[in-house]
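Overview (structure and organization)
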Amino acid sequence: MNRTTVSLIAATAALAAVTGFASVNAPDGGDDAAKTAKRLPVERTSLLCPEPSTSDLAETSYTAFTPSSEGAGSGGKAELLPAPKVLTDTAKERTKGLKPFLTQKSPGKPVTGEESGAEAPALVGSADGALAPGWTVQQTTTVSAGSGRGVQGANCVAPDTEFWFPGASTAKGRSDYIHLTNPDDSAAVVDVELYGRDGSIKADVGQSIQIQPHSSVPVLLSTLTGKPYTNITMHVAARSGRVAAAVHSSDDKLGGDWLPASTDPAPSLVLPGIPKDATSVRLVAFAPGSDDADLKVRLASPTGAITPAGHETLHVKSGMTAAVDLGDVTRGEAGSLLLTPTEDAVPVVAGLRVTRGKGDKQETAFIPATSAVGARATVADNRAKGSALSLVAPGETGRVKVTASAGSEAGEPVSKTYTVKGGTTLAVDPPVPSGLKGSYALTLETESGGPVHAARMLELPENGIPMFTIQTVPDDRGTVAVPKAEQDLEVLQK
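Remember, predicted model here, so these are calculated numbers, not experimental data. (Residues numbered from 1 in each chain as written. Predicted model: local features only at pLDDT ≥ 70, side-chain atom pairs only at ≥ 80, totals over all residues. Heavy atoms only, no water.)

1. Observations regarding the overall build of the protein
Tallying secondary structure elements over the protein gives four helices and 38 strands in all. Out of the 494 residues in the protein, the part that is buried amounts to 53%. In the protein, 81% of the contacts between residues at least 6 apart in sequence involve partners at least 24 apart. For the protein, the accessible area works out to roughly 21,200 Å², and carbon and sulfur atoms hold 49% of it. (Helix = DSSP H or I, 4+ residues; strand = E, 2+ residues; numbered from the N terminus. Buried < 20%, exposed > 50% of the residue type's maximum accessible area, 1.4 Å probe, protein only. Contact = heavy atoms within 4.5 Å. Areas by Shrake-Rupley, 256 points an atom, 1.4 Å probe, with all protein chains shown as cover.)

2. A look at the state of the cysteines
For the structure on display, the rule yields one disulfide. With a sulfur-sulfur separation of 2.0 Å, C49 is cross-linked through a disulfide to C156. Torsion about the S-S bond of the C49 and C156 cystine: about 110°, corresponding to right-handed handedness. Separated by 107 residues along the polypeptide, C49 in strand β2 (residues 44–49) and C156 in the loop between β9 (150–155) and β10 (162–168) bring together distant segments of the chain. Residue C49 shares its accessibility class with C156, and that shared class is buried. (Disulfide = S-S within 2.5 Å.)

3. Description of the pattern of salt bridges
If you walk through the whole model with that rule in mind, you get 12 salt bridges. Where K77 meets E79, a salt bridge forms, and the shortest distance between an N and an O atom there is 3.6 Å. A relative accessible area of 42% places K77 in the partly exposed class. Residue classification places E79 among the buried positions, given a relative accessible area of 17%. R356 serves as the salt-bridge partner of E459, at 3.1 Å between the closest nitrogen and oxygen. Of this pair, E459 sits in strand β36 (residues 453–459) while R356 sits in strand β26 (residues 349–356), and the two are 103 residues apart along the sequence. Using a relative accessible area of 3% as the deciding quantity, one classes R356 as buried. (Salt bridge = Lys/Arg side-chain N within 4 Å of Asp/Glu carboxyl O.)

4. What about the side chain of S55?
Its place among the elements puts S55 in the loop between β2 and β3 (59–65). A polar contact of 3.0 Å, which involves the side chain of S55, links it to the backbone nitrogen of L57. The residues contacting S55, other than those within four sequence positions of it, are G117, A118 and V143. (Polar contact = N/O pair within 3.5 Å; in protein donor to acceptor, adjacent residues only side chain to side chain.)

5. Describing the packing of aromatic side chains
Considering all chains together, one arrives at four aromatic pairs under this definition. Centre to centre, the rings of Y62 and F101 are 5.0 Å apart; their planes meet at 75°, and the pair counts as edge-to-face. Here Y62 is found in strand β3, whereas its partner F101 is found in the loop between α3 (89–95) and β5 (102–104), with 39 residues between them in sequence. The class of F101 is partly exposed, set by a relative accessible area of 24%. (Phe/Tyr/Trp six-rings, centres within 6.5 Å; stacked < 30°, edge-to-face > 60°.)

6. Focus: the sheet that holds strand β18 (residues 255–259)
As summarised here, the arrangement of the four strands in space is β15-β11-β17-β18, forming an open sheet in which the pairing is antiparallel. Only two strands of the sheet have a single neighbouring strand rather than two, namely β15 (215–220) and β18. Each neighbouring strand pair of the sheet contributes to a mean axis angle of 20°, computed without reference to strand direction. Pairing geometry for strand β17 (residues 244–251) and β18, over five bridges, is antiparallel. Each bridged residue has a counterpart across the sheet, and for V247 the counterpart in β18 is L259. (Pairing = 2+ DSSP bridges. Axes fitted to C-alpha atoms, helices over the stretch in contact; angles between N-to-C directions.)

7. Comments concerning the pairing of β2
Burial of β2 is extensive: five of the six residues sit out of reach of the surface. The sheet contact formed by β2 and strand β7 (residues 122–128) spans six bridges and is antiparallel. Paired with L47 across the two strands is G125, which belongs to β7.

8. A few points about the sheet that holds β9
The pairing of strands in a sheet happens through backbone hydrogen bonds and is either parallel or antiparallel. If you trace the four strands from one edge of the open sheet to the other, you get β6-β3-β8-β9, paired in antiparallel fashion. The two strands at the open ends of the sheet, each matched to only one other strand, are β6 (111–116) and β9. With direction set aside, neighbouring strand axes in the sheet form an average angle of 15°.

The following block contains the structure:
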């Protein structure tokens, strides 16, 4: 092996370790090379939390957690720093001396922080050493009154170069902001593209948006369009650099929440965790490629997969947003939506808007299509009361171990294993740490069988309003595949 090849492999592995979310492609050799790859814990990762609210009534809690990982070693730390909205050269110098908002020093126990009012900033976070693999940060905001009142929950996300948001809106009475946060030392340039039911929506001011280093920029979507659109799909693509993107949605009548990005375009999608008492469910889908998509729509109920009456299929035209109101599709039983191609496999993205309550006591949340739990997945900020877990196996029966961490103030971890029958949704009250004080995290691990997808609902009712938020629980990508050539190099270096 020549020196150039060794350097390339080492650089690729280092990139994966730094991002915490990259995987190393196996060198030429196909399946045999892939089988010799070893999975190791990532050594560094980053997460970004959007500015939580513009309401003076907002109360925001942050919960950071890292599950213990075999082979992760010891040492390291995880911390979150404020990210200014506008960053000048002078401000950039000041960020070097900023006091961390939240610091975590060891895995296995959540660390929490709180912020009040409209001045809470976006946060830029990084974790290394034993704190990096599976590091999770949950941001939960309660707003008691006004537009967007309700519980607004968000998983802080890793920076990337592309995001899809089906289900955004610029309709009257609704205010959707896209929050763009840059974690790096150089400016990022981002394009925001919008697609309605008739195709691309002209949005010239959405092109070449510049986000300064270590800063965050909120953009009101209605300022990008000449007229209101009820259902749109938004595509965020970085021309240079990388960002974290999150959409905050506020409705004058239906409350508000964060609208997470859909998983990458795929022919089959799973949208888990529709509450049993959902009074209205809206499905929004988009086909980003050159072909139309025809999708079979099924609901994975507790007893099996069924087809919603009148909504057996959905036709999604290329480059156009399709939306359908499914009503109270769950009919008193928790469920998950399964989208599969009727014939040709055409990649799509999709999301749900879920409404609970009636009249002036309604509240909404959003469920994006999400990837499976995989090897391990974690969701933070669970409470002794109000947390509910939905598990769905879209194909074969799967078995998942769920571990409740130690409490942020007190409490001992407990675990429970669930078997999810193929084609069904299993809704459970998750395990709670013994002697719990404070909040805790849930870590899911696939033990056997087919893939399982998951979502957590956190309900904090107030004044008769079923305030709630839903977070999907995808694989944390806490490990990275290292090819055997790189393993051999490490041995030689020792």
